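Structural features, examined
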Amino acid sequence: MTAKKIIEDCEDLYNDLDFTSVKTWKEKTGGKAIGYLPVYVPREIIHAAGMLPVGIMGGGPNLEIIKGDAYFQSYICHIPRSTIELGLLNKLDCMEGFLFPAICDVIRNLSGMWQILFPEKYVRYLDLPQNFDKEIGGEFYRHEMEQLLHDLEELSGNKVTPEKLNRSIGLYNKNRQVIDKLYAMRVAQPHLVLTSDLYLLLRAGNVMDVEDHTRLLEGYMAEVVKEDRKKFDNIRVIVSGAFCEQPPLALIKGLEASGCYIVEDDWVLGARFLQKDVPITADPLEALSDAYLNDSVSTSSKYEDEKEKGKYLVDQVKMLNAGGVIFCAPSFCDPALLERPMLTAALEREKIPHTSFKYAENTGQFSMFREQTGTFADSIKLWGEA
Ligand code: SF4
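Residues numbered from 1 in each chain as written. Predicted model: local features only at pLDDT ≥ 70, side-chain atom pairs only at ≥ 80, totals over all residues.

**Considering the overall build of the protein**
- When its secondary structure is counted, the protein shows 14 helices and eight strands.
- The globule rule puts the C-alpha radius of gyration for 386 residues at 21 Å, and the 20 Å found for the protein is close to it.
- Dimensions of the protein along its principal axes, counting C-alpha atoms only, are 60 × 45 × 45 Å.
- When each of the 386 residues of the protein is scored for burial, the buried share is 47%.
- Once local pairs closer than 6 in sequence are excluded, the contacts in the protein between residues at least 24 apart make up 77%. (Helix = DSSP H or I, 4+ residues; strand = E, 2+ residues; numbered from the N terminus. Rg over C-alpha atoms; globule rule 2.2 N^0.38 Å. Buried ≥ 20, exposed ≤ 12 C-beta atoms within 10 Å, placed from the backbone. Contact = placed C-beta atoms within 7 Å.)

**A look at the site of the ligand**
- Taken together, 13 residues sit near the ligand, with Cys 77, Cys 104, Val 106, Cys 244 and Cys 333 positioned nearest.
- Among the elements of the structure, helix 5 (105-117) and helix 13 (334-349) are those that each provide at least two residues to the shell around the ligand.
- It is helix 13 that provides the largest number of residues to the shell around the ligand, a total of three residues.
- Looking at the shell around the ligand residue by residue, the classes come out as eleven nonpolar, no polar and two charged. (Near = placed C-beta within 6 Å. Nonpolar A, V, L, I, M, F, W, Y, C, P; charged D, E, K, R; others polar.)

**Topic: the sheet that holds strand 7 (residues 324-330)**
- What the four strands build is an open sheet, ordered 6-5-7-8; its pairing is parallel. At either end of the open sheet lies a strand with only one pairing partner, and these are strand 6 (260-264) and strand 8 (354-359). Averaged over all pairs of adjacent strands, the angle between their axes in this sheet comes to 35°, without regard to strand direction.
- Bridging between strand 5 (residues 235-240) and strand 6 involves four bridges; their strand directions are parallel. The residue of strand 6 that forms the bridge with Arg 236 is Tyr 261. (Pairing = 2+ DSSP bridges. Axes fitted to C-alpha atoms, helices over the stretch in contact; angles between N-to-C directions.)

**Observations concerning the environment of Phe 357**
- Relative to the elements of secondary structure, Phe 357 occurs in strand 8.
- Taking the C-alpha atoms as reference, Phe 357 lies 27 Å from Leu 13; in sequence the two are 344 residues apart.
- When sequence neighbours within four positions are dropped, the list of residues in contact with Phe 357 reads Cys 328, Phe 369 and Gln 372.

**A closer look at the nonpolar core**
- Counting residues in each nonpolar core, the largest one holds 113 residues, and the members touching the most others are Ile 45, Val 54, Leu 201, Val 237 and Val 325.
- Top element by residues in this core is helix 8 (residues 195-204). It accounts for six residues.
- Each residue touching Val 237, except ones within four places of it in the same chain, is listed here: Cys 260, Ile 262, Ala 322, Gly 323, Gly 324, Val 325 and Ile 326. (Core = buried A, V, L, I, M, F, W, Y, C linked by C-beta atoms within 7 Å.)

**Some thoughts on unusual backbone geometry**
- The omega angle of the peptide bond from Pro 38 to Val 39 is 15°, so this bond is cis rather than trans.
- Considering the arrangement of structural elements, one finds Val 39 in the loop between strand 1 (33-36) and helix 3 (43-48).
- Despite not being glycine, Asn 321 shows a phi value in the positive range, around 55°.
- Looking at where Asn 321 falls in the secondary structure, it is placed in the loop between helix 12 (311-319) and strand 7.
- We note that Phe 332 has phi near 65°; this positive angle belongs to a residue other than glycine.

**A few points about the packing of helix 8 against helix 10 (residues 249-257)**
- Contact geometry for helix 8 and helix 10: axes closest at 9 Å, N-to-C directions at 150°. The orientation of helix 8 relative to helix 10 falls into the category roughly antiparallel. Of helix 10, the residues touching helix 8 (which contributes Thr 195, Ser 196 and Tyr 199) are Leu 249, Ile 252, Lys 253 and Glu 256. (Parallel < 35°, antiparallel > 145°, perpendicular 65-115°, else oblique.)

**What about helix 11 (residues 284-295)?**
- For helix 11, every residue scored as buried is listed here: Pro 284, Leu 285, Ala 287, Leu 288, Ser 289, Ala 291 and Tyr 292.
- Residues of helix 11 that are buried sit in contact with helix 3, helix 6 (134-156) and helix 7 (162-188).

**A few points about the pairing of strand 7**
- In terms of burial, strand 7 is largely enclosed, as seven of its seven residues are buried.
- Residue alternation in strand 7 divides its side chains into two sets, Gly 324, Ile 326, Cys 328 and Pro 330 and Val 325, Phe 327 and Ala 329, and both sets are buried.
- Where strand 5 lies against strand 7, four bridges are found, and the strand directions are parallel. Counted as the bridge partner of Val 239 is Ile 326 from strand 7.
- Where strand 7 and strand 8 come together, six bridges link them in parallel fashion. Counted as the bridge partner of Cys 328 is Phe 357 from strand 8.

Have a look at this one:
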């Protein structure tokens, strides 16, 4: 299959709000499916229980919100409205349970609303540690995961042994390794691995079995090198802030078309949240906990009190030879927008150019963003600053 065809198939999955691939997986395996909201959940535990973890990233640009708005005040982000809308339209009926990981009050409230609206479904608010001491945050997180594991054993009827969990950890390690290779390939040849391709490939992983997804990524990488794609005199940039509600695909394409090669981003971040392999040990829950505490990504979506704010972004810019940073966050996203001043201060100390805009997942007008990022890229090209 050509790279183009692979991406067309991924785009079909991206546009499919009926989650047909999830239904097909269930028919084939007889297993159950667990939906999870952004940003990170330990998918290994769901997989080890013989269930399909399904990433739910709102309704995107193709869903008209009719009832979802009635459940929320005006001044919050868009993803909870479209997620409720999907639920009320019975689009998520193919999932037996839902995980709402701790990220902000909006997701916390959504988990409560879900319990009221869909009482027949399993719903769990998954608290993630905000203390990175193994004896405190690690102990707490381990307890959370034990509860989750116990619940999923009951729901699936499958016992999760350490062997099964280690097998799942191995499969997700492999998946993250291949995603890392894809990102490295884009850093080296951003004209070849288009960001819109990379984004659709990651989104496909939300609704596929992990082994199938790994093969899909490997297939794309093997095929895309055969393409003859033109190089442009684009500016290398990092996009930051899109870790939860996702920008519309057309917006991502617009950024690329405005003269920017995106060499790092934080969309679909849960797929890359752990930055090293989780070790295979006799105590896999401890290994997952340690990985979260010690080897997870630096992002505004994770509480960190001790680290120097913005250092990771400055380091990324230097390491990837990027010309600047585009802050691209959902409107009213507290985790992204409250940390922004600290991130911009860190960039300014290093004289790294940056620009920013806000979007909603259903934003329809892109010309303004394209002009802004195009001007940003041009000014870096001409004067080395924005
Ligand atoms: S987009 Fe931001 S504010 Fe909205 S649910 Fe996600 S993290 Fe919370």
